[in-house]
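Spelled out from the first residue to the last, the chains are:
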Amino acid sequence: MDYSRRPAISKDRSTAPLSYRRSRRYEVTQKEEDRFIFKVPMLRNVTRTAPYFNDGKVAALEEAVRLMGWHQLDRHLTSREIQDIIAFLRTLEGNPPFVETRHLRPSS
Ligand code: HEM
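Residues numbered from 1 in each chain as written. Predicted model: local features only at pLDDT ≥ 70, side-chain atom pairs only at ≥ 80, totals over all residues. Heavy atoms only, no water.

Participant: Sorry, what's going on with the coordination of the iron atom of the ligand here?
Facilitator: Tetrahedral coordination by four donors sets the ideal angle at the metal to 109.5 degrees; octahedral coordination by six donors sets it to 90 or 180 degrees. Protein coordination of the iron atom of the ligand is limited to a single donor, M68 (SD), positioned at 2.2 Å. With respect to the helices and strands, M68 occurs in helix α3 (residues 61-73). (Donors = N, O, S within 2.8 Å, 3.2 Å for Na, K, Ca; no water. Helix = DSSP H or I, 4+ residues; strand = E, 2+ residues; numbered from the N terminus.)

Dropping the structure here:
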């Protein structure tokens, strides 16, 4: 997991979904530089892990990709482009390798 240092919000904040307006990180740290900072989730198996975004407000992957294009890339993606991106995201499907956790200490 990584944090996006680019604020996860479009310049048109009035139309940004709630998930882009509230950063839990900021709520915890109260640091101004964390205000629009969100954890960037990995996209492995993203086709199987709906609903999307930190608050699970978006049910369809098509909509999640459309919002990403608009808010993060400032682009109005066409349906064709969205379908092409989803075809790519399908290539990220797979079974994660087994990880032995028996010997790990519980986190405190
Ligand atoms: C075409 C390009 C992109 C695609 C297809 C894409 C796709 C996605 C998807 C499907 C999610 C939801 C993941 C989930 O909830 O499991 C997501 C979340 C996210 N993406 Fe992107 N993304 C793109 C570009 C970007 C860019 C350029 C940035 C930042 C500079 C970015 C930052 C984020 C962040 C911060 C989240 C989490 C938002 C939240 O949980 O509310 N993405 N992305």
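Back to the write-up after that little detour.
Participant: Looking at this structure, I do not really get unusual backbone geometry. What am I missing?
Facilitator: Excluding glycine, residues mostly carry a negative phi; peptide bonds, for their part, are mostly trans. The amide bond that connects A50 to the next residue, P51, takes the cis arrangement and shows omega of 0°. Assignment of secondary structure puts P51 in the loop between β2 (39-40) and α3. In this structure, N45 takes a positive phi of about 60° despite not being glycine. Mapping N45 onto the fold places it in the loop between β2 and α3. Residue class for N45 comes out buried when judged on its relative accessible area of 10%. (Buried < 20%, exposed > 50% of the residue type's maximum accessible area, 1.4 Å probe, protein only.)

Participant: How do you make sense of the environment of P51 when you look at a structure like this?
Facilitator: Taking the C-alpha atoms as reference points, P51 and L61, 10 residues apart in sequence, are found 8.1 Å from one another. Setting aside residues up to four positions removed in sequence, P51 forms contacts with G56, V58 and A59. (Contact = heavy atoms within 4.5 Å.)

Participant: In this structure, what is going on with α3? I would like to understand it.
Facilitator: Think of an α-helix as 3.6 residues a turn; residues three or four steps apart then line up on the same face. Relative to the 18 Å expected for 13 residues at 1.5 Å per residue, α3 spans 17 Å between its end C-alpha atoms, a close match to the ideal helical length. Listed as buried for α3 are L61, A64, V65, L67, G69, H71 and Q72. Following α3 by one or two positions, D74 adopts a phi angle in the positive range, close to 60°. (Expected span 1.5 Å × (residues − 1).)

Participant: Any chance you could explain helix α4 (residues 79-90) here in plain terms?
Facilitator: Here α4 contains 12 residues, and its C-alpha end-to-end distance of 16 Å stays within 8% of the 16 Å for a straight helix at 1.5 Å per residue. The set of residues buried in α4 consists of I82, I86 and L89. Taken down its axis, α4 places every buried residue within 55° of arc, on the same side. Those residues of α4 hidden inside the fold are in contact with α3. (Arc of directions from axis to C-beta.)

Participant: Could you clarify how one ought to interpret the pattern of salt bridges in this entry?
Facilitator: Where side chains of opposite charge bring their charged atoms close, a pairing between them can arise. With the rule as written, the count across this model stands at six salt bridges. Its salt-bridge partner being E81, residue R75 comes within 3.0 Å of it at the nearest N-O pair. Judged by relative accessible area, which is 27%, E81 ranks as partly exposed. (Salt bridge = Lys/Arg side-chain N within 4 Å of Asp/Glu carboxyl O.)

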